[in-house]
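Residues per chain are reported as follows:
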Amino acid sequence: MPQRLFIVAAGLVGAAGVALSAAAAHAGGGNAGTAANFLLLHAPAFLAVGLLGIGGRVLQVAALVLLFGLLLFAGDLLARDYLGGRLFPGAAPAGGFLMIAGWLGIAAAGFLRSAR
């Protein structure tokens, strides 16, 4: 089940990134463009986690943290452009912190996998 979740997430995150890139190009919105870039850059990571299915629980938790951080970060940027305000105070920094933690968790999963 977690592998399917990451494959679905990769598809949705990638599609949202392309759509937001087009929206930013046509309607402006620097925050939307930044969110689109982050979405497009992270989609392959979720696809890889979903397709490879290696690394065990550490990799899956790290990918979930990364996904949640991405949604918070991009969601806050999009709320600024399209809703005129933030999701909540500190949402973008919290999302950024979670993305960093997720990537470090992915690195840890690789280290733990090779140590075995």
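The rules we used
Residues numbered from 1 in each chain as written. Predicted model: local features only at pLDDT ≥ 70, side-chain atom pairs only at ≥ 80, totals over all residues. Heavy atoms only, no water. Phe/Tyr/Trp six-rings, centres within 6.5 Å; stacked < 30°, edge-to-face > 60°. Helix = DSSP H or I, 4+ residues; strand = E, 2+ residues; numbered from the N terminus. Buried < 20%, exposed > 50% of the residue type's maximum accessible area, 1.4 Å probe, protein only. Salt bridge = Lys/Arg side-chain N within 4 Å of Asp/Glu carboxyl O. Contact = heavy atoms within 4.5 Å. Core = buried A, V, L, I, M, F, W, Y, C linked by side-chain atoms within 4.5 Å. Axes fitted to C-alpha atoms, helices over the stretch in contact; angles between N-to-C directions. Parallel < 35°, antiparallel > 145°, perpendicular 65-115°, else oblique. Left-handed = near helix turned anticlockwise from the far one by under 90°. Nonpolar A, V, L, I, M, F, W, Y, C, P; charged D, E, K, R; others polar. Patch = residues over 30% accessible without salt bridge, like charges linked within 9 Å, V, L, I, M, F, W, Y side chains within 5 Å. Areas by Shrake-Rupley, 256 points an atom, 1.4 Å probe, with all protein chains shown as cover.

> Help me get a handle on the packing of aromatic side chains, residues and values and all.
Within the structure shown, the criterion is met by 1 aromatic pair. Here the aromatic rings of phenylalanine 38 and phenylalanine 73 are separated by 4.7 Å at their centres, their planes lie at 50 degrees, and the arrangement is tilted. Taken together, the residues span a long stretch of sequence, with phenylalanine 38 in helix α2 (residues 30-52) and phenylalanine 73 in helix α3 (residues 56-82) at a distance of 35 residues. Residue classification places phenylalanine 38 among the partly exposed positions, given a relative accessible area of 28%. Taking the relative accessible area as the measure of exposure, phenylalanine 73 reaches 15% and is therefore buried.

> Describe the pattern of salt bridges, and please don't skip the residues or the numbers.
The tally for this structure, following the rule as stated, stands at 1 salt bridge. The salt bridge involving aspartate 76 is made with arginine 80; its shortest N-O contact spans 2.9 Å. In this pair, aspartate 76 and arginine 80 are both assigned in helix α3, 4 residues apart and thus about one turn of the helix distant.

> For the side chain of histidine 42, give the residues involved together with the corresponding values.
Tracing the backbone through its elements, the reader meets histidine 42 in helix α2. Histidine 42 gets classed as buried once you look at its relative accessible area, which sits at 7%. The contact partners of histidine 42, leaving out residues within four places of it in the chain, are Leu66, Leu70, Met99 and Trp103.

> Describe in detail the environment of alanine 63, supporting the description with residues and values.
By secondary structure assignment, the location of alanine 63 is in helix α3. A relative accessible area of 1% places alanine 63 in the buried class. Expressed as a C-alpha distance, the spacing of alanine 63 and leucine 83, which sit 20 residues apart in the sequence, is 28 Å.

> Requested: an account of the nonpolar core, with residues and values cited.
Ranked by internal contacts, the top residues of the largest apolar core, which has 27 residues, are Val13, Leu39, Phe46 and Leu70. Within the residue set of this core, elements represented by two or more residues are α1 (2-27), α2, α3 and α4 (91-115). In this structure leucine 39 touches Val13, Ala16, Gly17, Leu20, Leu70 and Ala74, once residues within four positions along its chain are discounted.

> Give a detailed account of the packing of α2 against α3, specifying residues and quantitative values.
Between α2 and α3, the shortest axis-to-axis distance is 9 Å and the interhelical angle comes to 165 degrees. In terms of their interaxial angle, α2 and α3 are classed as roughly antiparallel. In this structure, the crossing between α2 and α3 has a hand that is left-handed. On the side of α2, the interface is formed by Gly30, Asn31, Ala32, Thr34, Ala35, Phe38, Leu39, His42, Phe46 and Val49, while α3 contributes Leu59, Ala63, Leu66, Leu67, Leu70, Phe73, Ala74, Leu77, Leu78, Arg80, Asp81 and Tyr82. Tallied by class, residues from the contact of α2 with α3 come to 16 nonpolar, 4 polar and 2 charged.

> Describe a nonpolar patch on the surface, and please don't skip the residues or the numbers.
Nonpolar side chains collect at one region of the surface, where Ile7, Leu47 and Leu51 lie side by side and expose about 260 Å² of accessible area between them. In this structure, leucine 51 sits in helix α2.

Scope: geometric values only; no functional claims are made or implied.
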